[in-house]
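Commentary on secondary and tertiary structure
Below, each chain spelled out in residue letters.
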Amino acid sequence: HFANMIASVVDVPSCQSDIDSSSDICDAQPVRVTSEYTQQRKDGHIKRPMNAFMVWSQIQRAKIVKEKPSMHNAAISKQLGSAWKQLSPEERLPYIIESQRLKRVHKQQYPDYKYRPRKRSRTVKEEAEAPVIIRKPAVRAPIPRPASPATVITCTS
């Protein structure tokens, strides 16, 4: 299903209008992610804008899946993570620029959006596989108290 995600390196004017053209940013090959990925889901959930790693990994994952369709997703993710760490800041730059653009577009499309992570509820299978933790009651040693002076009660008649 990752092959359905579409991202590509495209010809874009050498500098975007919102970036200072005197910087070295213009030397980086621009990257654009298609709007299909950034749209709202059918259930109304608004997706978060992708960060630089997600933009890069989307493109790389599609390449890996094309080359090795039987490779497990977890293995692909590990490979992508280590490859991202090896990239220099200059190599990451086009993906950072694209993630910033996606963030601006997202803010324009959904001005009132606020990320609110939801706690995931466990499935029946996860409940069954969850480890049972038995906690022993804490045994506390009696707290030594300083000796108090004896109280003498005398009765007078």
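**Overview of the overall build of the protein**
Across its full length, the protein holds five helices and two strands. Moving toward the C terminus, one meets the helices and strands of the protein in the order β-β-α-α-α-α-α. Across the 157 residues in the protein, those meeting the buried criterion constitute 22%. Of the contacts formed within the protein by residues at least 6 apart in sequence, a portion of 61% connects residues at least 24 apart. Total accessible area computed for the protein in this model is approximately 13300 Å², and 54% of it derives from carbon and sulfur atoms.

**Regarding the packing of aromatic side chains**
With the rule as written, the count across this model stands at three aromatic pairs. Both rings, one in F53 and one in W56, keep their centres 6.0 Å apart while their planes meet at 40°; by these two values the pair is tilted. Of this pair, F53 and W56 both sit in helix α2 (residues 52-67), separated by three residues, roughly a single helical turn. Residue class for F53 comes out partly exposed when judged on its relative accessible area of 25%. By relative accessible area, which is 6% here, W56 ends up buried.

**With respect to the layout of surface pockets**
Leftover empty space is mapped by rolling, across the atoms, a probe with the size of a water molecule. Taken as a whole, the largest pocket encloses approximately 390 Å³ of empty space. Lining the largest pocket are 16 residues, with H45, I46, R48, Y113 and Y115 positioned closest to its centre. Partitioned by chemical class, the residues of the lining of the largest pocket number eight nonpolar, two polar and six charged. In this structure, the second largest pocket spans a volume of roughly 200 Å³. Taken together, R48, P49, K103, R104, H106, K107, Y110, P111, Y113 and Y115 make up the full set of residues lining the second largest pocket. For the lining of the second largest pocket, the class distribution of residues is five nonpolar, one polar and four charged.

**Digging into the side chain of H106**
In this fold, H106 is placed in helix α4 (residues 89-109). Excluding residues that lie within four positions of it along the chain, H106 makes contacts with I46, K47, R48, P49 and Y113.

How each quantity is defined
- Residues numbered from 1 in each chain as written.
- Predicted model: local features only at pLDDT ≥ 70, side-chain atom pairs only at ≥ 80, totals over all residues.
- Heavy atoms only, no water.
- Helix = DSSP H or I, 4+ residues; strand = E, 2+ residues; numbered from the N terminus.
- Buried < 20%, exposed > 50% of the residue type's maximum accessible area, 1.4 Å probe, protein only.
- Contact = heavy atoms within 4.5 Å.
- Areas by Shrake-Rupley, 256 points an atom, 1.4 Å probe, with all protein chains shown as cover.
- Phe/Tyr/Trp six-rings, centres within 6.5 Å; stacked < 30°, edge-to-face > 60°.
- 1 Å grid on protein atoms, 1.4 Å probe; cavity = no way out; pocket = protein on both sides within 12 Å on 5 of 7 lines; lining within 4 Å.
- Points joined across faces, edges and corners; volume = space filled by probe spheres on them.
- Nonpolar A, V, L, I, M, F, W, Y, C, P; charged D, E, K, R; others polar.

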